Amino acid sequence: MQIFHNALHHTHAGRQEMFRGKLVPCHETPSRVDHVLAECQRRGLGPVLAPGGWTADREQRLRHLHTPRYLDFLAGAWDEWMAQDPANAALDILPSVWPGHAFRTDVLPSNFSARVGLFSFDAGTPITAGTWSAARQGALCAMAAADAVLQGERAAFALSRPPGHHAGPDFFGGYCFLNNAALAAQTLRDAGCARVAVLDVDYHHGNGTQTLFESRNDVLTVSIHGDPRTEYPFYLGHADERGCGEGEGFNLNLLLPRGTQPDRWFATLEAACQTVSDFAPNALVVSLGVDTFEGDPISGFHLRSSDYLRLGRTVAALGLPTVWVFEGGYAVAEVGINTANVLEGFQAA
Ligand code: Q9C
Ligand code: ZN
């Protein structure tokens with residue numbers, strides 16, 4: 001299948017994230033994508049392509065899913081940071097204050113730190129010098145993969161980085177800035193697919209994707225993830241979130257406890273696929289996180305490398321035009337093998 005590679009992804013290289021009262025090295029590293037690309041190439045899984053450029057349609061789609069004031073903030077963040085102090089060049093931007101509850105979010109603060117907090121929900125997602133260009137190019141990869149499927153490819157893979165499924169209309173967090181999978185889904189909708197399903201198999205709930213589509217009945221969102229009562233992102237992803245208004249019944253959260261073994265995970269995947277199939281979508285977007293792996297340093301499921309072949313086969317059985325979008329997966333030594341296994345399992349089926 002065609003693989004859309006973000007050649008600018010290295011320019012987003014966070015140094016540190018906040019964890020239990022101290023700054024620790026970022027889990028979401030450039031080497032992750034290097035491993036995935038190398039393994040896809042080693043196996044000859046498909047041509048590695050550039051996503052093409054920004055068209056008026058693509059720019060408009062980005063501004064439709066994300067708010068202009070959020071995009072403007074991201075676009076200018078690094079320059080503002082540098083203008084504060086040239087010594088900031090050696091530091092990442094991290095938030096340290098948030099509006100929380102019972103504060104106003106309609107007044108845009110002129111203070112830079114206040115705006116970093118307004119548009120974020122955790123202190124684990126640094127903005128660096130190259131974040132904006134990397135995130136934009138990653139978003140382009142997702143839209144290009146959707147375009148490839150629209151042009152008749154059975155499937156395409158967006159090797160996007162940074163990941164996207166935690167990013168919402170006007171917020172970043174969970175290592176995500178622009179919602180790549182949502183942009184792929186909207187690309188399919190804009191080209192005339194009446195119904196699009198998004199299946200999120202990352203360990204963490206895709207809160208950004210849910211928030212973007214929860215009021216809509218044209219995009220079904222289904223996510224399998226660690227129970228948010230104990231797992232990040234904690235404040236969304238519960239079973240009773242079924243969608244809002246016209247979108248009621250078009251969001252499904254399938255929760256599993258930390259420690260879940262492959263048998264139960266795959267039984268849940270079958271349930272997810274049944275819901276996707278019942279929706280009868282014209283196309284499918286998969287948020288492909290492989291942080292469900294037993295060796296993942298920040299997650300709690302126990303899938304083994306061979307299980308990812310089965311994941312690919314199971315999704316292939318849906319028989320849908322499929323856009324794969326790369327998300328999480330932090331066991332760096334295995335992230336390439338596990339991701340390529342999914343794509344190989346899909347293609348072999
Ligand atoms: N020290 C994705 O998989 N931090 N994002 C958890 C670890 C946030 C994961 C705490 C995890 C975000 C795309
Ligand atoms: Zn994840």
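Structure first, text after, so check above.
Quick look at the structure, then.

Rules and cut-offs
- Residues numbered from 1 in each chain as written.
- Chains lettered and ligands numbered in written order.
- Predicted model: local features only at pLDDT ≥ 70, side-chain atom pairs only at ≥ 80, totals over all residues.
- Heavy atoms only, no water.
- Donors = N, O, S within 2.8 Å, 3.2 Å for Na, K, Ca; no water.
- Buried < 20%, exposed > 50% of the residue type's maximum accessible area, 1.4 Å probe, protein only.
- Helix = DSSP H or I, 4+ residues; strand = E, 2+ residues; numbered from the N terminus.
- Pairing = 2+ DSSP bridges.
- Contact = heavy atoms within 4.5 Å.
- Axes fitted to C-alpha atoms, helices over the stretch in contact; angles between N-to-C directions.
- Near = heavy atom within 4 Å.
- Polar contact = N/O pair within 3.5 Å; in protein donor to acceptor, adjacent residues only side chain to side chain.
- Areas by Shrake-Rupley, 256 points an atom, 1.4 Å probe, with all protein chains shown as cover.
- 1 Å grid on protein atoms, 1.4 Å probe; cavity = no way out; pocket = protein on both sides within 12 Å on 5 of 7 lines; lining within 4 Å.
- Sits in = over half its atoms within 2 Å of the grid points.
- Nonpolar A, V, L, I, M, F, W, Y, C, P; charged D, E, K, R; others polar.
- Points joined across faces, edges and corners; volume = space filled by probe spheres on them.
- Expected span 1.5 Å × (residues − 1).
- Arc of directions from axis to C-beta.

1. Some points on the coordination of the zinc ion (ligand 2)
Consideration 1: Protein coordination at the zinc ion (ligand 2): the donors are Asp202 (OD), Asp202 (OD), His204 (ND1) and Asp291 (OD), at 1.9 to 2.8 Å from the metal.
Consideration 2: Within one chain, the residues serving as donors to the zinc ion (ligand 2) are arranged as D-x1-H-x86-D. Taken as a pair, Asp202 and His204 share a single burial class, namely buried.

2. Points about unusual backbone geometry
Consideration 1: Omega for the bond connecting Arg161 with Pro162 falls within 30 degrees of zero, at -5 degrees, which places this linkage in the cis form.
Consideration 2: One can find Pro162 in the loop between strand 5 (155–159) and helix 6 (180–190).
Consideration 3: For the bond running from Tyr232 to Pro233, omega is 10 degrees, close enough to zero to count as cis.
Consideration 4: Tracing the backbone shows Pro233 in the loop between strand 7 (219–226) and strand 8 (251–256).

3. Here's the deal with the sheet that holds strand 6 (residues 196–200)
Within a beta sheet, neighbouring strands are joined by backbone hydrogen bonds and run either parallel or antiparallel to one another.
Consideration 1: Read across the sheet, 8 strands follow the order 4-1-5-10-9-6-7-8 without closing on themselves; strand pairing throughout is parallel. One side of each edge strand has no neighbouring strand; the edge strands of this open sheet are strand 4 (48–49) and strand 8.
Consideration 2: Alignment of strand 5 against strand 10 (residues 322–326), held across 4 bridges, turns out to be parallel. Note that in strand 10 the partner of Ala156 across the bridge is Val323.
Consideration 3: Across the sheet, helix 5 (residues 131–150) touches strand 1 (2–5), strand 5 and strand 10, and the angle it forms with strand 5 is around 175 degrees.
Consideration 4: Most of the contacts of helix 10 (residues 332–348) go to strand 10, to which it runs at about 175 degrees, and overall it touches strand 5, strand 9 (283–288) and strand 10.

4. Brief notes about helix 6
In an α-helix, one turn spans 3.6 residues; hence positions three or four apart end up facing the same way.
Consideration 1: Buried residues dominate helix 6, accounting for 9 of its 11 residues.
Consideration 2: Turning to helix 6, its buried residues are Asn180, Ala181, Ala182, Leu183, Ala184, Ala185, Gln186, Thr187 and Leu188.
Consideration 3: Its buried side turned inward, helix 6 meets helix 2 (56–65), helix 5, strand 6, helix 7 (207–213), strand 9 and strand 10.

5. Considerations on the site of ligand 1
Consideration 1: As a matter of local geometry, ligand 1 sits amid 16 residues, with Phe19, Gly174, His204, Asp291 and Tyr330 nearest to it.
Consideration 2: Within the contact set of ligand 1, an oxygen atom lies 3.3 Å away from a side-chain nitrogen or oxygen of His204.
Consideration 3: In this structure, an oxygen atom belonging to ligand 1 sits 3.0 Å away from a side-chain N or O atom of Asp291.
Consideration 4: Burial of ligand 1 by the protein amounts to 89% of the accessible area it has alone, namely 410 Å².
Consideration 5: When each cavity is represented as a set of grid points, ligand 1 is found to reside in the largest pocket.
Consideration 6: For the shell around ligand 1, the per-class residue count stands at 7 nonpolar, 6 polar and 3 charged.

6. Quick word on the layout of surface pockets
Consideration 1: If you add up the space inside the largest pocket, you get close to 880 Å³.
Consideration 2: Residue lining of the largest pocket: 36 residues in total, with Asp122, Gly174, Tyr232, Pro233 and Phe234 positioned closest to the centre.
Consideration 3: For the lining of the largest pocket, the elements supplying multiple residues, two or more each, are strand 2 (16–19) and helix 7.
Consideration 4: Ranked by residues supplied to the lining of the largest pocket, first place goes to strand 2 with 3 residues.

7. Structural notes on helix 8 (residues 262–279)
Consideration 1: Between its first and last C-alpha, helix 8 extends 26 Å over 18 residues, near the 26 Å set by a 1.5 Å rise per residue.
Consideration 2: Here helix 8 has its buried residues at Pro262, Trp265, Phe266, Thr268, Leu269, Ala272, Cys273, Val276 and Phe279. Here the buried residues of helix 8 occupy an arc of 155 degrees about the axis, which is enough to place them on one side. Turned more than 90 degrees off the buried face of helix 8, the exposed positions are Asp263 and Asp278.
Consideration 3: Buried residues along helix 8 sit against strand 6, strand 7, strand 8, strand 9 and helix 9 (307–316).
Consideration 4: Immediately downstream of helix 8, the backbone of Ala280 shows phi near 50 degrees, a positive value.

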